[in-house]
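The chain contents come next:
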Amino acid sequence: MAKIEETVRGDFDAILNTLESAVMNGSVSASCEDASDYQNGDFRCAVRVYERYSYSGGNRVSMALVLAGADGEYHLTAITSGGSQGMFFKINTWGEEGFLDTIRDAVNSLI
């Protein structure tokens, strides 16, 4: 498992679009598996679950992305999972780190 957590500032929709574009343009096999959006007053929350094939690990990897907050300040969490091999211990996490790397530059541009 690999994770990014950051506070980002700006327009909610622009931030979400930047992240979604980074994921989808970062891998030819990336797909958005499902999405959920919630709003209560100024508070907004977007949940996205992506998946892609990891060539290095020879398996599929998922990424859950959550963007939540209000008034131009949002907490971003992105967690990848599923790219390791081994029955009892994680033998490699290349696929998980690689999938997270598809958004790392976009996240850095937002903080």
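The structure contained in this document is the topic of the report that follows.

### Describing the nonpolar core
Inference 1: If you look at the biggest cluster of nonpolar residues, it comprises 25 residues, and the most contacted ones within it are Leu 19, Met 63, Leu 67 and Ile 103.
Inference 2: Breaking this core down by element, the ones donating at least two residues are strand E1 (2-9), helix H1 (12-25), strand E3 (43-54), strand E4 (59-70), strand E5 (73-81) and helix H2 (94-110).
Inference 3: Not counting residues up to four positions away in its chain, the partners in contact with Leu 19 are Leu 65, Leu 76, Ile 103, Ala 106, Val 107 and Leu 110.

### A closer look at the sheet that holds E4
Inference 1: Here five strands make up an open sheet; going across it, the order is E1-E5-E4-E3-E2 and the pairing antiparallel. Edge strands, defined here as strands with exactly one partner in the open sheet, are E1 and strand E2 (31-40). Strand-to-strand twist in this sheet, taken as the mean axis angle between neighbours without regard to direction, amounts to 10 degrees.
Inference 2: Note: E1 against E5, eight bridges, orientation antiparallel. Bridging from a neighbouring strand, Thr 7 pairs with His 75 of E5.
Inference 3: Its contacts with the sheet place H1 against E1, E2, E3, E4 and E5, and it is angled at close to 5 degrees to E3.

### Examining the pairing of E5
Inference 1: As paired elements, E4 and E5 share nine bridges and run antiparallel to each other. If you follow Gly 69 over to E5, its bridge partner there is Tyr 74.
Inference 2: The antiparallel hairpin formed by E4 and E5 contains two residues in its connecting segment, where Asp 71 sits at a positive phi of about 55 degrees.

### With respect to H1
Inference 1: With 14 residues, H1 should reach 20 Å at 1.5 Å per residue; the first-to-last C-alpha distance of 20 Å fits that figure.
Inference 2: For H1, the side-chain oxygen to backbone nitrogen distance between the N-cap and Asp 13 is 3.3 Å, and the N-cap itself is Asp 11.

### Examining unusual backbone geometry
As a rule of thumb, non-glycine residues mostly have phi less than zero, and peptide bonds are mostly trans rather than cis.
Inference 1: The phi torsion at Asp 71 lies on the positive side, around 55 degrees, for a residue other than glycine.
Inference 2: In this structure, Asp 71 sits in the loop between E4 and E5.
Inference 3: The exposed category is assigned to Asp 71, whose relative accessible area is 67%.

### A closer look at the packing of aromatic side chains
Inference 1: Taken as a whole and judged by the stated rule, the model has two aromatic pairs.
Inference 2: Plain terms: the ring middles of Phe 12 and Tyr 74 are 5.1 Å apart, the flat faces sit at 70 degrees to each other, and that makes the pair edge-to-face. Within this pair, whereas Phe 12 is found in helix H1, its partner Tyr 74 is found in strand E5, the two being separated by 62 residues in sequence. For the pair Phe 12 and Tyr 74, a shared accessibility class is recorded, and that class is buried.

The rules behind each value
- Residues numbered from 1 in each chain as written.
- Predicted model: local features only at pLDDT ≥ 70, side-chain atom pairs only at ≥ 80, totals over all residues.
- Heavy atoms only, no water.
- Core = buried A, V, L, I, M, F, W, Y, C linked by side-chain atoms within 4.5 Å.
- Buried < 20%, exposed > 50% of the residue type's maximum accessible area, 1.4 Å probe, protein only.
- Helix = DSSP H or I, 4+ residues; strand = E, 2+ residues; numbered from the N terminus.
- Contact = heavy atoms within 4.5 Å.
- Pairing = 2+ DSSP bridges.
- Axes fitted to C-alpha atoms, helices over the stretch in contact; angles between N-to-C directions.
- Expected span 1.5 Å × (residues − 1).
- Polar contact = N/O pair within 3.5 Å; in protein donor to acceptor, adjacent residues only side chain to side chain.
- Phe/Tyr/Trp six-rings, centres within 6.5 Å; stacked < 30°, edge-to-face > 60°.

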